[in-house]
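# Working through the structure, step by step
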Amino acid sequence: MELYSLTIHEVKELLASREVSATEVTRALLDRIAAVEKQVGAFTTLAPEMAMAQAVAADRLLAAGQGGALCGVPVSVKDVLCTKGLRTTCGSRILENFLPPYDATVVEKLKDAGAVIVGKVAMDEFAMGSTTENCAFGTPRNPWNLDYICGGSSGGSAASVAADECYASLGSDTGGSIRQPASHCGVVGLKPTYGRVSRFGLVAFASSLDQVGPLTKDVRDCALLMNVISGHDARDSTSVAQAVPDFTAALTPGLTGLRIGIPKEYFGAGLDPEVERAVRQGIATLQAAGAEIVEVSLPHTDYCVAVYYLVAPAEASSNLARYDGVKYGFRARAAETLADMYRNTRSQGFGDEVKRRILIGTYALSSGYYDAYYKKASQVRTLIIEDFKKAFAQCDVLASPVAPTPAWRLGEKNDDPLSVYLSDIMTISANLAGIPGMSIPCGFSQAGLPIGLQLQAAHFQEEKLLAVAYNLEQRLTITPPRPKAV
Amino acid sequence: MKITPEETEHVARLAHLDLSAVEVHAMTEQLDRILSYVAKLNALETEGVQPTTHALAIHNAFRADEVHSSLTQAEALANGPQQNGEAFVVPRII
């Protein structure tokens, strides 16, 4: 067993007993990155020197019998989270050389827990996309098959964990951007309840939907990361003053007394038969663990994508107004007037998908269209939330697929933005409702691509998600038809 | 058509984006497909439904009015593409 293929809880034991040092672990991970990164391409920026310095500091603490929950554990961070003095690009030319003057709260929490940050990982530009093909600095490949997408927008996070380039990663999820790449790369991903984790220092895409969360190799590691990053932050006015439990305490065997709802709308037309088979098998496994299975209905599911692709671009068009070439980032040269400078900077700095969403959002908010588009979408958002309230009156957790299909080939859907948008249909509604959602591996397609099972629960019920995911993980034996490509 | 090339150009101007003729054509086509798709929301009766702009019922988040440290001027200016040590510099506007 190589050091890099361990989980966090496994490597923590070795570190605590001083069988290995944090510098040895970090060196092993940096070597692993050097060996596979050319094929995987998960990172936008590597920070080997900073990582080694953090490892040395971790070793000092460990030698003194101290150190936080992640002391000496190498992790990656999605390039949407500000890291003090470490380039933060958001996958965009417009922030190509941005050096944040502060750490995001979650990055501060990682550092306080002793984590070693090995680098920043690739993402769709400003987290807009489902394939990470919209990253200005290269697209990561799926570690299971290098010809396939790793998903997105936290594609670099999922690929870096699946390729054993780090033990865990922080991603962000606005419409499925943690859960979908986790599903496509065969790792665990959790989008917490809106407000559970601070967004301070998370570069904004759609502020009413964005949430930071972990991507890990197993459920216990997910709970460990949640312990570190959760909690109220006075610097984020939307973070909630809710007590943070010890999430690892939720990992107990047996699901007796728990009701799992199966939303029938998630199993309709368009669902790949291989995905359906794997998810149904996962549900049967949960039943065997003692859970009661009930069918529920989320009647407005078919409207989620339409609501999302108005609300998210509307918020984005406002949030991205700040990129004007004045305070940070790229500025186009040789503009004669201020207005020209703004226009040239934005036109040259943003990629096509970002421009497309700014245009949709601007259109939906513009005079004469606001009621027909933005207001209408916000009203249907209320109906979607009511669907969930009714469903959670009948069950504790919802189980479904994460995405209608396994990963597809790189480049396959480049000319068809709407078809990519529609692939988000099962993940988007959790963001619209602010509820937590999780992706947990439940099988493989015959082509050897991972398939994830999605769990959703009511606000602040992450412990229920972790309990169900843990039981699935413990009971389900998943045999990949072929090994990873790296 | 839900959106014309002229409207695409108008929206681009509002968003401070320049689009080439080719981009206007492609964007208009894609926006039209997306706007035609989202029109399915019109099938739903929403008279009297409160719009949701925030999924959790949080109201104003107040904090004590205390002075905390913040970025220094040099730190705040450090990422400016053009600055003179005191302020960001932009093309002349008057």
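Keep in mind that this is a model prediction, so the values were computed, not measured. (Residues numbered from 1 in each chain as written. Chains lettered and ligands numbered in written order. Predicted model: local features only at pLDDT ≥ 70, side-chain atom pairs only at ≥ 80, totals over all residues. Heavy atoms only, no water.)

### Describing the overall build of chain B
- Counting secondary structure elements, chain B contains three helices and zero strands.
- Reading chain B from its N terminus to its C terminus gives the helix and strand order α-α-α.
- A principal-axis box enclosing the C-alpha atoms of chain B has dimensions of 50 × 45 × 25 Å.
- Counting over 94 residues, chain B shows a buried share of 29%.
- Nonlocal contacts in chain B, meaning residues at least 24 apart in sequence, comprise 33% of its contacts between residues at least 6 apart.
- Accessible surface for chain B amounts to roughly 6600 Å². Of this, 53% is attributable to carbon and sulfur atoms.
- Counting 6 positive and 13 negative side-chain charges, chain B places the averaged centre of each group 4 Å from the other. (Helix = DSSP H or I, 4+ residues; strand = E, 2+ residues; numbered from the N terminus. Buried < 20%, exposed > 50% of the residue type's maximum accessible area, 1.4 Å probe, protein only. Contact = heavy atoms within 4.5 Å. Areas by Shrake-Rupley, 256 points an atom, 1.4 Å probe, with all protein chains shown as cover. Lys, Arg positive; Asp, Glu negative; His and termini not counted. Charge placed at Lys NZ, Arg CZ, Asp CG, Glu CD.)

### Section: the overall build of chain A
- A count of helices and strands for chain A gives 15 helices and eleven strands.
- The globule rule puts the C-alpha radius of gyration for 486 residues at 23 Å, and the 21 Å found for chain A is close to it.
- Oriented by its inertia axes, the alpha-carbon framework of chain A measures out at about 65 × 55 × 45 Å.
- Per-residue burial for chain A yields a buried fraction of 66% across its 486 residues.
- Sequence separation of at least 24 residues holds for 76% of the intrachain contacts in chain A that already meet a minimum separation of 6. (Rg over C-alpha atoms; globule rule 2.2 N^0.38 Å.)

### Section: the nonpolar core
Residue and element names in this part refer to chain A.
- Among the nonpolar cores identified, the biggest contains 173 residues, and Leu 81, Phe 126, Met 438 and Leu 455 are the most heavily contacted of them.
- Tallying contributions element by element places helix H9 (residues 304-319) first for this core, with ten residues.
- With six residues, the next largest nonpolar core counts Ile 149, Trp 408, Val 420 and Leu 449 among its residues. (Core = buried A, V, L, I, M, F, W, Y, C linked by side-chain atoms within 4.5 Å.)

### Some words on the interface of chain B and chain A
- Contact with chain B, which involves 48 residues of that partner, is made by 65 residues of chain A.
- Where chain B abuts chain A, roughly 5100 Å² becomes buried across the two surfaces, and 67% of that area is made up of carbon and sulfur atoms.
- On inspection of chain B and its partner chain A, the count reaches four salt bridges.
- One salt bridge in this structure joins Lys40(B) and Asp302(A), with 3.1 Å as the shortest N-O distance.
- Our count for the chain B to chain A interface comes out at 20 residue pairs in polar contact (both at pLDDT 80 or more). (Buried area = accessible area lost by both parts, 1.4 Å probe. Salt bridge = Lys/Arg side-chain N within 4 Å of Asp/Glu carboxyl O. Polar contact = N/O pair within 3.5 Å; in protein donor to acceptor, adjacent residues only side chain to side chain.)

### What to know about the sheet that holds strand E10 (residues 437-444) of chain A
Residue and element names in this part refer to chain A.
- Across the sheet, which stays open at both edges, the eleven strands sit in the order E1-E3-E2-E4-E6-E5-E10-E11-E9-E7-E8 with mixed pairing between neighbours. The sheet is open, and its two borders are formed by strand E1 (43-46) and strand E8 (292-296), each paired with just one other strand. With direction set aside, neighbouring strand axes in the sheet form an average angle of 30°.
- Two strands pair when backbone bridges link them, and E1 and strand E3 (residues 116-121) are joined in this way by three bridges, in the antiparallel orientation. Within E3, the residue paired with Leu 46 across the bridge is Gly 119. (Pairing = 2+ DSSP bridges. Axes fitted to C-alpha atoms, helices over the stretch in contact; angles between N-to-C directions.)

### A closer look at helix H2 (residues 22-40) of chain A
Residue and element names in this part refer to chain A.
- The sharpest bend along H2 reaches about 40° and sits at Ala 34.
- Within H2 the residues assigned to the buried category are Ala 22, Val 25, Thr 26, Ala 28, Leu 29, Leu 30, Arg 32, Ile 33, Val 36, Glu 37 and Val 40.
- On its buried side, H2 packs onto helix H1 (8-16), E1, helix H3 (48-63), strand E2 (74-78), E3 and helix H5 (155-162). (Bend = angle between axes of the 7 residues up to and from the residue.)

### Regarding the confidence of the model for chain B
- Taken residue by residue, chain B gives an average pLDDT of 93. The fraction at 70 or more is 100%.
- This prediction of the complex comes with two scores: 0.97 for pTM and 0.96 for ipTM. (pLDDT = per-residue confidence, 0-100.)

### A few points about the pairing of strand E5 (residues 188-191) of chain A
Residues and elements named next belong to chain A.
- A two-sided burial pattern is seen for E5, the buried positions comprising Val 188 and Leu 190 on one face and Gly 189 and Lys 191 on the other.
- As paired elements, E5 and strand E6 (residues 211-216) share two bridges and run antiparallel to each other. Across the sheet, Gly 189 pairs through a bridge with Leu 215, a residue of E6.
- Bridge analysis of E5 against E10 gives three bridges, and the strand direction is antiparallel. Paired with Gly 189 across the strands is Ser 439, a residue of E10.

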